[in-house]
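Now for the letters of each chain:
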Amino acid sequence: MINSDPPTSPATADQAVEEVVAQGPSGAVVLAGIATACVVAMWFAFYLFVFLPRGSLQ
């Protein structure tokens, strides 16, 4: 095909994979952090707006 990349050797492909893996799962860590922050924020909102206005149990 005209626009395709030229074939690479398996050693070059393995080296490229090793470079990507060496960078680590930074995107997954950021996504997990954002999801955790959202859950904690929802818990605080629920606590402040639902539990506290009801008062203490007797």
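Residues numbered from 1 in each chain as written. Predicted model: local features only at pLDDT ≥ 70, side-chain atom pairs only at ≥ 80, totals over all residues. Heavy atoms only, no water.

(A) Focus on the overall build of the protein. Helix and strand content of the protein: two helices and zero strands. Its C-alpha atoms give the protein principal-axis dimensions of about 75 × 25 × 10 Å. Per element, the accessible surface of the protein, about 5,600 Å² overall, is 70% carbon and sulfur. (Helix = DSSP H or I, 4+ residues; strand = E, 2+ residues; numbered from the N terminus. Areas by Shrake-Rupley, 256 points an atom, 1.4 Å probe, with all protein chains shown as cover.)

(B) Geometry of the packing of aromatic side chains. Across all of its chains, the model carries four aromatic pairs by this definition. Where W43 meets Y47, the ring centres are 5.6 Å apart and the plane angle is 5 degrees; that geometry is what we call stacked. With W43 and Y47 both in helix α2 (residues 26–54) and four residues apart, this pair spans about one turn of that helix. Under the relative-accessibility criterion, W43 is labelled exposed at 52%. Seen in terms of ring centroids, F46 and F51 are 5.4 Å apart; in terms of plane orientation they differ by 80 degrees. Their pairing is edge-to-face. Classification of F51 as partly exposed rests on a relative accessible area of 43%. Members of the aromatic cluster, each reached through a chain of ring pairs, are W43, F44, F46, Y47 and F51. (Phe/Tyr/Trp six-rings, centres within 6.5 Å; stacked < 30°, edge-to-face > 60°. Buried < 20%, exposed > 50% of the residue type's maximum accessible area, 1.4 Å probe, protein only.)

(C) Structural view of α2. The end-to-end C-alpha distance of α2 is 42 Å, a good match for the 42 Å that 29 residues give at a rise of 1.5 Å each. Maximum bend of α2: about 30 degrees, positioned at Y47. Positive backbone phi, approximately 85 degrees, marks G55, located one or two places after α2. (Expected span 1.5 Å × (residues − 1). Bend = angle between axes of the 7 residues up to and from the residue.)

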